Structure formats: C-alpha cells, structure tokens
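So the chains spell out like this:
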Amino acid sequence: MKGFPAAAHETLQNAQLRRNLGKATTTIRAKRLRAVGELPDWEALRDAGAAIKARAMATLPEQLERLEESVTRAGGTVHWARDGAEANAIVAQVARAHGSREVIKVKSLATDEIGLNDALAEQGISAIETDLAELILQLSNDKTTHILVPAIHRNRMEIRALFEQTIAKGEQLGDEASAIAEAARKHLRAKFLSVPVAVSGANFGVAETGTVAVVESEGNGRMCTTLPDVLVTVMGIEKILPEWRDLEVFLQLLPRSSTAERMNPYTSLWTGVRPGDGPQEFHLILLDGGRTNVLADEVGRQALHCIRCSACLNSCPVYSRVGGQAYESVYPGPIGAVLSPQLFGLDVHPTLPWASSLCGACYDVCPVKIEIPSLLVHLRGRVVREQKRRFSGERAAMATVASVFASRARFERAQKLARLGRGPIAKAMLPGWTAMRELPDPPKETFREWWRERSG
Amino acid sequence: MRCALFITCFNDTLFPATGRAVVTLLERLGCEVVFPEEQTCCGQMHGNTGYADHGEALVRRWERVFAEYEVVVSPSASCVGYVREHVPSSAGRLFELTEFLVDRLGVTDVGASFPHRVTLHPTCHSLRMLHVGDRPVRLLSAVRGLDLVELGDSEECCGFGGTFAVKNADTSMAMLGDKLRCVLDTRAEVCTSADNSCLMHIGGALRRQRAGVRTMHLAEILAAQE
C-alpha cells in the first residue's frame, strides 16, 4: 500500500479521470437531490433505515440463525465463512461438484472484497463478470474506481477499442453506444445460456423469510439468478434485515440514493429453491471477513450499516477529485475510509481516516445516517493510539502544542514566537503549507495585546 | 447585553483585525464586550486530528474559562461547532457571530457600509454543523453599497480541513483550485466567510497567484463604515 497521500498524488495527475469523474459526480448529485426531494418523508425514511440497521446489528447472532433456518426450510443450503479464503473454497467446491469450469457473476462487492475471481482462477475455474462495467474492467485488467459505476473513469472510445480487441474480435463497432453494448450483450447471452453455475452478492437477506435480494439496472443479475441450475450467493453478514417489511424502507432509500431513480429497473428476490422454476440448487455463504471485529467497536460499528448506495462517494469533494483507486481498496470514498481500515486492518490502511476534510457532505446524503465524520475522527484516534510507531514526531509535536494551550502564560509566549514564524505552534503548522500557499502577513500585535492596550 | 468574546487561538494570533472588528461591531450595536483572557484553544485541532485526550483536556478548559458567561460570541463557525459538540452546557449561550446578530440581537442591518463587489464562501461547518443557512447572506445584503455576487458551487469544501491541508496537501490543493476558479469567476474584489481558517487557505493561494482578490472575515465587512 502506498497510503492515501501518495496514491492520491498519482491519481490527481490523470486529467481525463478528474474530468470524467467531476462531470459524473456533479450530475448524479443534482439528480439525487431531485429524487430525494420528491419524498416528503425522506428524513423519516433515513431514521427508519438507521433504526432497522441498528436493530439488525444489535441482534445479529439471533438474526443470522433465523436466516439460516428460513433458508434451509426453503430448500437452500447455508454455509458459514470466517474469512474470504473459506468463502472462496466453498464457491470453488460447488462449481467443481457440478463439473463447471466457468461461473457467471452478478456484480458483487463482497466477492471483489474476498478476491473470488483470482481464487477461482487458481482452481482452473473462470469467473465471468456479466455487469457491463465489471466486464470492461475484467477484460482490461483494470481496477474499480466507484462501487456502483466501477468504470466511471473510462470513456466510450476506450471501451469500443477494448471490445474490438476482445469479445468482438475482427468487428468494427462504430461510435454508437448501442452498438458497443450490443457486442457485450451477444457475448454475455451465450454465457447466460450455457454456464450452469452463477455467483451473486446480496443487497439484503431477510431473516424472517430467508429471502435474498439483489437490485440492479441491466438485467444481467436477473439472468444469473434465474437461468443457471445452481446459484451461490456470498453475503456479508451485515446485509441482514430482520423482517420482510424492512425491505419497504430500503427499496426506497437505495435507488434514490444510488442512481437517483425512484425504483431500480430490476429487483430480484429469491427464497430457497422452487421445483421446476429457476436454479434448483441454492447456496448462501454468510461471510464474516472481519465484520464481527468491526461490531466490537462501539463507535466504528456504524460503518456496518452501509447499504453501498455510493451517495457519499458522489457528494465527497475528496473522492470526486482523486477517484476510487486512491483509496487502494474495493471500498473507496468516505465510507471506504471508515470501512477499509476496520475490515482489513488499521495497519493496512493507516492513512485513510485522514482522507477527508471533515466537510460533512457525506453524512448529509447517507440514507442510513452513518456519522462518517465522527467515525473518521474516532478512527484517527485509534490509529494514533494503536499504531505507536507511526506519527511519533507528530505525537510529540501535538503534546507540546497541547501543553502550550493548557496555560495562558505559555500560550502568550508562544504567540510571540509564532509571529516570528518560530516556536511550537508555527512548527506544527508550517510544513506542507507554504509549498503552494502564502502565509498571512504576521500581524503587529495579537488580539489580546490590542485588547489590553485598549482597556488600559 | 454583556457578551464574552471567544476569539479562538487562531484569530487571536494571526487575525487580530477580525477580533477588533467583532468588538467594534458589537459595541456599535449596544453590547458590552468582555474578553476572558484565560482563553487559549478549544481543542479542535487535537480532537479532529486524532488526539482526543489533548482535545478533551482543552475543551474542558474552555468550559471552565467560559462557565460564568451567559452569552458567548465567536467569529469562527468551526470552533463553535466543535465546542457545541463537546460541551453540552454551551447550548443556548454560545453563538457564532451571524447567529448572534440575527437570532439573539434580531438585526440584519448592522449599519455597515462597504462599497465593494463581494462573494461569500459559506463554509462547511457553518452550513452542515451549525446550519446557519442564509444568515450571512441576509447580513451582507443589508450592507450599504455592497454588491453581493453568488459564488458557484458555494457549498463545496474549499479543501482546508485543518491538518488535512497539510497531511493531504495535493488533494487539498485540487479542491482549492476549483474553489479559486469559482471565486475568480465572480470578479469580486473581496471573498468573505465566517471562518478565517478557510480564508487563510483561499487567500494564501490567491496571493501566491497574484490574483488581486482580497479575503476578509465577514465581521470586518459588517464593522466597516467606508
């Protein structure tokens, strides 16, 4: 890991990325505002969403057992995976049991998180992404920059050239988006009709009924969850909703927050298996992958309420300039900055909690009211306390400045030094500032000196 | 009305003109201003950078220094937001300057005159922590001779963010670059705001670029009688 400052330094050099991303995020922000503005009870919905998630997390063990029971009752098989390696092994085992060298995939962050595609490749099984953007990234060995629109940084001409070299070899696709998409459609249709095993993630898993839900825009997800003989779903355990009626809240919150639509085009819900209709074998893998550790942090656990809508990414002034790759995680943006260090380790992502100016735009748009700025500050504190070897210079400087502020006499002495560009306050502020900005002219006297003269 | 001035360490040391303007303004409006000289820093920098124990000690110190005052006024939305979050007893008696003028004193015309073209950077913490809304705009609109020009993408962060400006200097500057473009598009002579921290950042780059646009705290405009 390069760390956020260095990674952002690199991505900021990419003018095309900054232009594409700036344009896309500005557009989606305005659309989201209109979409949520249509609902008079939007704030109440946010409160409901937050409350349902808080309840789900507070009763997680019980809800997961309820889910296992209801999925099993409906003819599905439930697997428990402590980490990504266990989850990957289960998927590989199911594919092998059906003699399949290929699996088709619904867009899924959980499977990206555990590196499923690479793990399957090692077992000689190809994972074929069927979401258009994921397919583009897979064909070009690129990495995601956005959780909802992973190829937001690529433009039409790049994609056309890519397809002409890969899935549409020897064809001339032209400039029309529809013709370029058609190439992907043809390629994918053949896979939908021939590959017997599909892998999905889950937006929601309902404990009460055992129903799993995936929402999407392209219909590829519907194909994957209905056509193959076997369906394997990898679900992070925090995706659980206690009751069926809870979906009512989230199916309003999610599309308006993510794509700024009243309703997403495809909402697929399935409950176990149904003879003669859809996959005849269903496996649900419940993935921990660090989530129970996150749950142990009373402040940080709120990050588990995330429904991956990406509104915080789109509204973030940092994300919209640096892009997703600067966060070096499948979870970028403000939510990534609080989720990645907790899921994958503070030592792996020690700089992410500082990748924010604490402007608060993310909290304002979060459909489940995750207090991202407070979580960032909390995690900064944890990094400082738990990663003792980092920031040793900064820690000493901060202690000195704090002791200056603790006494009026010391503060007033330091003010005099600061005016001359010296002393502990100036030392803590100067580096990094003057490379690109001027400092204000030092005033002739401090405010309190003026006040004292005036008061005589 | 007797009010205690919470100047903030930053303004006290680097922007005394803002403090002087607050005193001039409040006295003109009939307030008696007192300055508790024991005040230093509210702890925001420590608290928000991850040094919660230092931040906590300093904000408790703030609480003691200002405990006896019924009304406390400050020309910093950011510091007021931080104190409000950490000192519940400050509720109802600690005001950011524009809140104090509009809500407590009930004035929008403060008798100022400033015949210049001005644009307002509303600041993240004014907007999203304090929810001051259009109070700064109402105050500026009542200033005689002032030509207020709307800033494009005004609600977007300028990229200061305290230690963020130093720890993530490249990203901070990318954000600032877009803010500067919007400021320059207004053709304003002065960019104002309720926080000198944002203004130090914006103004620092305007000066480096010799852009010819000044930054001035809102209090200084409201105190002006040019």
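The structure displayed is predicted, hence computed values, not measured ones.

A. Summary view of the overall build of chain A. Helix and strand content of chain A: 22 helices and ten strands. In terms of principal-axis extent, the alpha carbons of chain A reach across some 95 × 55 × 45 Å. Buried positions account for 48% of the 456 residues belonging to chain A.

B. Main features of the overall build of chain B. Helix and strand content of chain B: twelve helices and eight strands. Against the globule reference of 17 Å for 226 residues, chain B gives a C-alpha radius of gyration of 17 Å, in line with a compact fold. Across chain B, contacts joining residues at least 24 apart in sequence account for 73% of those joining residues at least 6 apart.

C. Structural context of the domain arrangement of chain B. Residues and elements named next belong to chain B. Structurally, chain B comprises domain 1 (2-104) and domain 2 (117-223). If you average the C-alpha positions of domain 1 and of domain 2, the two centres end up 21 Å apart. With 24 residues of domain 1 at the interface, the matching set in domain 2 holds 22 residues. For the side of domain 1 that touches domain 2, the secondary-structure elements that each account for two or more residues are α1 (9-14), α2 (16-28), α3 (44-49), α5 (77-86) and α6 (97-104). Grouping the constituent residues of the side of domain 1 that touches domain 2 by class yields 13 nonpolar, nine polar and two charged.

D. Structural view of the nonpolar core. In this structure, Leu287 and Ile372 of chain A together with Ile221 of chain B are the most contacted members of the largest nonpolar core, which totals 199 residues. Leave out the neighbours within four places in its chain, and Ile372 of chain A touches Cys312, Pro334, Ile335, Val338, Cys362, Tyr363 and Cys366 of chain A.

E. Fine view of the interface of chain B and chain A. With 50 residues of chain B in contact, the opposing surface of chain A contributes 46 residues. Counting only elements with at least two residues in the side of chain B that touches chain A, the list comes to α1, α2, α3, α4 (52-65), α7 (124-129), α9 (164-167), α10 (169-185) and α11 (196-208) of chain B. Here the side of chain B that touches chain A is composed, by residue class, of 23 nonpolar, 16 polar and eleven charged.

F. Geometry of the pairing of strand β10 (residues 281-287) of chain A. Residue and element names in this part refer to chain A. Among the seven residues in β10, six count as buried, and that is most of the element. Of the pairings in the sheet, the one linking strand β1 (residues 77-81) to β10 comprises five bridges and is parallel in character. Each residue of the ladder has a partner; that of Val78, found in β10, is Leu284. Judged from the seven bridges that link them, strand β7 (residues 230-236) and β10 form a sheet pairing that is parallel. The residue of β10 that forms the bridge with Met235 is Leu286.

G. Structural context of the sheet that holds strand β6 (residues 147-149) of chain B. All names here are of chain B. One open sheet accounts for four strands, arranged β6-β5-β7-β8; its pairing is parallel. The open sheet terminates on both sides in strands that have one partner only, identified here as β6 and β8 (214-217). Between one strand axis and the next, the sheet turns through 35 degrees on average, direction left out of account. Examined bridge by bridge, strand β5 (residues 117-120) and β6 share three bridges and lie parallel to one another. Looking at the pairing, Val118 lines up with Leu148 of β6. Against the sheet, α11 engages β7 (190-193) and β8, with an angle of about 170 degrees to β8.

H. Spatial organisation of the packing of helix α19 (residues 392-405) of chain A against α4 of chain B. At a minimum axis separation of 10 Å, α19 of chain A and α4 of chain B run at an interaxial angle of 10 degrees. Taken together, the axes of α19 of chain A and α4 of chain B are roughly parallel relative to one another. Where α19 of chain A abuts α4 of chain B, its residues Met398, Ala402 and Phe405 of chain A lie against His54, Ala57 and Leu58 of chain B. Its residues placed into classes, the contact of α19 of chain A with α4 of chain B shows five nonpolar, one polar and no charged.

I. View of unusual backbone geometry. Positive phi, normally seen in glycine, also occurs at Lys369 of chain A, with a value near 55 degrees. Along the chain, Lys369 of chain A falls in the loop between α17 (361-365) and α18 (372-386). Taking the C-beta count within 10 Å as the criterion, Lys369 of chain A has 19 such neighbours and is therefore assigned partly exposed. Within the chain, Thr123 of chain B stands out as a residue other than glycine whose phi angle is a positive 70 degrees. Here Thr123 of chain B lies in the loop between β5 and α7. According to the C-beta neighbour criterion, Thr123 of chain B is buried, with 29 such atoms within 10 Å.

J. Geometry of the pairing of strand β4 (residues 197-200) of chain A. Residue and element names in this part refer to chain A. Both faces of β4 are covered, namely the face carrying Val197 and Val199 and the face carrying Ala198 and Ser200. Bridge count for strand β2 (residues 102-105) against β4 is two bridges, and the pairing is parallel. Pairing of Ile104 across the sheet is with Ala198, part of β4. The sheet contact formed by β4 and β7 spans four bridges and is parallel. When the bridges of β7 are listed, Val199 appears paired with Val232.

K. The arrangement of the confidence of the model for chain B in detail. Per-chain confidence: chain B averages 97 in pLDDT, with 100% of residues scoring 70 or above. We note a pTM of 0.95 for the whole complex and an ipTM of 0.97 for its interfaces.

L. Quick look at the packing of α10 of chain B against α11 of chain B. All names here are of chain B. Remark: α10 packs on α11, axes separated minimally by 10 Å, with the N-to-C direction vectors making an angle of 75 degrees. Between α10 and α11, the interaxial angle falls into the category roughly perpendicular. Taken together, the residues of α11 that come into contact with α10 (itself represented by Leu176, Lys179, Leu180 and Val183) are His201, Ile202, Ala205 and Leu206.

M. Up close: helix α4 (residues 60-73) of chain A. Residues and elements named next belong to chain A. Taking 1.5 Å as the rise per residue, α4 with 14 residues should run 20 Å; its terminal C-alpha atoms sit 20 Å apart, in good agreement. Listed as buried for α4 are Gln63, Leu67, Ser70 and Val71. Take α4 and look down its axis: the buried residues cluster within an arc of 100 degrees, on one side only. Facing away from the buried side of α4 by over 90 degrees, the exposed positions are Pro61, Glu62, Glu65 and Arg73. Next to the buried residues of α4 lie α3 (42-58), β1, β5 (204-206), β8 (240-241) and β10. With its phi angle positive at about 95 degrees, Gly75 sits one or two positions after the end of α4.

Parameters and conventions
- Numbers given for residues are sequential positions, taken from 1 along each chain in its written order.
- Throughout, the order in which chains and ligands are written sets their labels, letters from A for the former and numbers from 1 for the latter.
- Since the coordinates come from a predicted model, pLDDT governs what is reported: local features require at least 70, and pairs of side-chain atoms require 80 or more to be given and counted, while whole-chain, interface and lining totals use all residues.
- A run of DSSP states H or I qualifies as a helix once it reaches four residues; a run of E qualifies as a strand once it reaches two. Both are numbered from the N-terminal end.
- With C-beta atoms placed from the backbone, a residue is buried if 20 or more other C-beta atoms are within 10 Å of its own, exposed if 12 or fewer are, and partly exposed between those counts.
- In this treatment the radius of gyration is a C-alpha quantity, and the globule benchmark scales as 2.2 Å times the residue count to the 0.38 power.
- Any pair of residues counts as being in contact when their C-beta atoms, constructed from backbone geometry, are within 7 Å of one another.
- An automatic or database domain assignment provides the domain bounds reported here.
- Amino acids outside the nonpolar list (Ala, Val, Leu, Ile, Met, Phe, Trp, Tyr, Cys, Pro) and the charged list (Asp, Glu, Lys, Arg) are all regarded as polar, and Gly is one of them.
- For the purposes of this analysis, a nonpolar core is taken to be any set of buried Ala, Val, Leu, Ile, Met, Phe, Trp, Tyr and Cys residues that are connected through C-beta atoms within 7 Å.
- Two strands qualify as a pair provided that DSSP identifies no fewer than 2 bridges between them.
- A fitted line through C-alpha atoms represents every axis, and for helices the fit uses only the stretch in contact; the resulting angles, taken between N-to-C directions, go from 0 to 180 degrees.
- Angle categories are assigned with fixed cut-offs, so that under 35 degrees is roughly parallel, over 145 is roughly antiparallel, 65 to 115 is roughly perpendicular, and the rest are oblique.
- The pLDDT score gives, residue by residue, the confidence of the prediction method on a 0 to 100 scale.
- In this analysis, the expected span of each helix is defined as 1.5 Å times one less than the number of residues it contains.
- Within this analysis, the arc is defined by the directions that extend from the helix axis to the C-beta atoms.

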